[in-house]
Amino acid sequence: MIYCVEDDSAIRDLMVYTLRASGFEALGFENDHGFWAAMKEQRPEMILLDVMLPGEDGLTILRKLRTSPVTADIPVIMATAKDSEYDKVIGLDSGADDYLAKPFGMMEMVSRIKAVLRRTGNKQPVLLSCGIISLDENKHTVTVDGRPVLLTLKEYELLKLFMEEPGRVFTRDNILHSVWGIDFSGETRTVDVHIGTLRTKLEKAGDYIQTIRGVGYKMEKVNEQ
């Protein structure tokens, strides 16, 4: 999935159309609100991000992506004004993987996307397991006893956090910082709600997530009957 954040509807629609015609899944967003809402539901393979946007501009969005452990490694290509060398330099210095100078051709866009994905996509398979739960980081999938489990992005990142360090006790503040990022201002009750829905979706493996009263949570395998 590729997210295109572009406020010009004609350009955005053409970008999404071209990407889909080239074999990619793609969604378009005109501002930061729709983009951040989508990020809560699905982690994209790449983000195409215009610098000039209403609300939060592209550089602000980029910096937030790079400072959160959940999104820091998502490839980002910035779209900049043709003559704005400053935006290109700031974008690259802020962590952009590449840039497109407007106006750009659709085939150039596709070519740059493929090049960035080749550079950033050569990751070794990362498979995590705990009892009957398996998590494939490359495929972004979770199974319980071989059966696929559909999780939201936050539920997935929460489960991944536990599975990376089984047996470790995480406080609610630990979890908020790691999964929601340092700027998250919600109450710790949010953690409890997400733990509850995650346990439900994991069904018989939900008991692996144990409550440590007065402290937080940990994941540990329990004996299946």
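Throughout this document, residue positions are counted from 1 along each chain, in the order its sequence is written. Restriction of local features to residues with pLDDT of at least 70 applies here, the model being predicted, together with a cutoff of 80 or more for giving and counting side-chain atom pairs; totals for whole chains, interfaces and linings are based on all residues. No hydrogens and no water enter the side-chain calculation; it runs on all heavy atoms of the structure.

1. Some thoughts on the pairing of strand β8 (residues 141–144)
Here comes step 1: By the alternation rule, side chains of β8 split into V142 and V144, which are all buried, and T141 and T143, of which none is buried.
Here comes step 2: In this scheme, strands are said to pair when DSSP sees at least two bridges between them. Comment: elements are numbered from the N terminus, with helices defined as DSSP H or I runs of at least four residues and strands as E runs of at least two. As paired strands, strand β7 (residues 133–136) and β8 are joined by 4 bridges and run antiparallel to one another. Looking at the pairing, D136 lines up with T141 of β8.
Here comes step 3: Between β7 and β8, which pair antiparallel in sequence order, lie 4 residues; one of them, H140, sits at a positive phi of approximately 60°. When a residue's accessible area, from a 1.4 Å probe over protein chains only, is under 20% of the maximum for its type it is buried; when over 50% it is exposed; and in between it is partly exposed.

2. Structural notes on the nonpolar core
Here comes step 1: Grouped together as the largest cluster of nonpolar side chains are 29 residues, with contacts concentrated most on I133, L159, F162, I175 and M219.
Here comes step 2: Sorting the residues of this core by element identifies β6 (127–130), β7, β8, α6 (153–164), α7 (172–180), α8 (189–202) and β12 (216–219) as the ones contributing at least two each.
Here comes step 3: Per-element tally for this core: the top contributor is α6, with 6 residues.
Here comes step 4: Residues count as neighbours in contact if any of their non-hydrogen atoms are within 4.5 Å of one another. When neighbours within four sequence positions are excluded, F162 is seen to be in contact with F170, I175, I195, I209, Y217, K218 and M219.
Here comes step 5: For our purposes a nonpolar core is just a set of buried Ala, Val, Leu, Ile, Met, Phe, Trp, Tyr and Cys residues, chained together by side-chain atoms within 4.5 Å. Listed in part, the 20 residues of the second largest apolar core include F29, A38, I74 and V76.

3. Side note on unusual backbone geometry
Here comes step 1: Look at the link from K102 to P103: it is a cis peptide, with omega at -5°.
Here comes step 2: Here P103 is to be found in the loop between β5 (98–102) and α5 (106–120).
Here comes step 3: Positive phi, close to 55°, is recorded for D145, a residue that is not glycine.
Here comes step 4: Mapping D145 onto the fold places it in the loop between β8 and β9 (147–148).

4. With respect to the environment of T71
Here comes step 1: Mapped onto the fold, T71 is located in the loop between α3 (58–67) and β4 (76–81).
Here comes step 2: The sequence separation of T71 and P44 amounts to 27 residues, and the corresponding C-alpha distance is 9.4 Å.
Here comes step 3: Excluding anything up to four places from it in sequence, T71 contacts M39, R43, K64, L65 and R66.
Here comes step 4: One polar contact links the side chain of T71 to the main-chain carbonyl oxygen of L65, over a distance of 2.7 Å. Think of a polar contact as two N or O atoms within 3.5 Å of one another; within protein, one of them needs to be a possible hydrogen donor and the other a possible acceptor, and neighboring residues in sequence only count if both atoms come from side chains.

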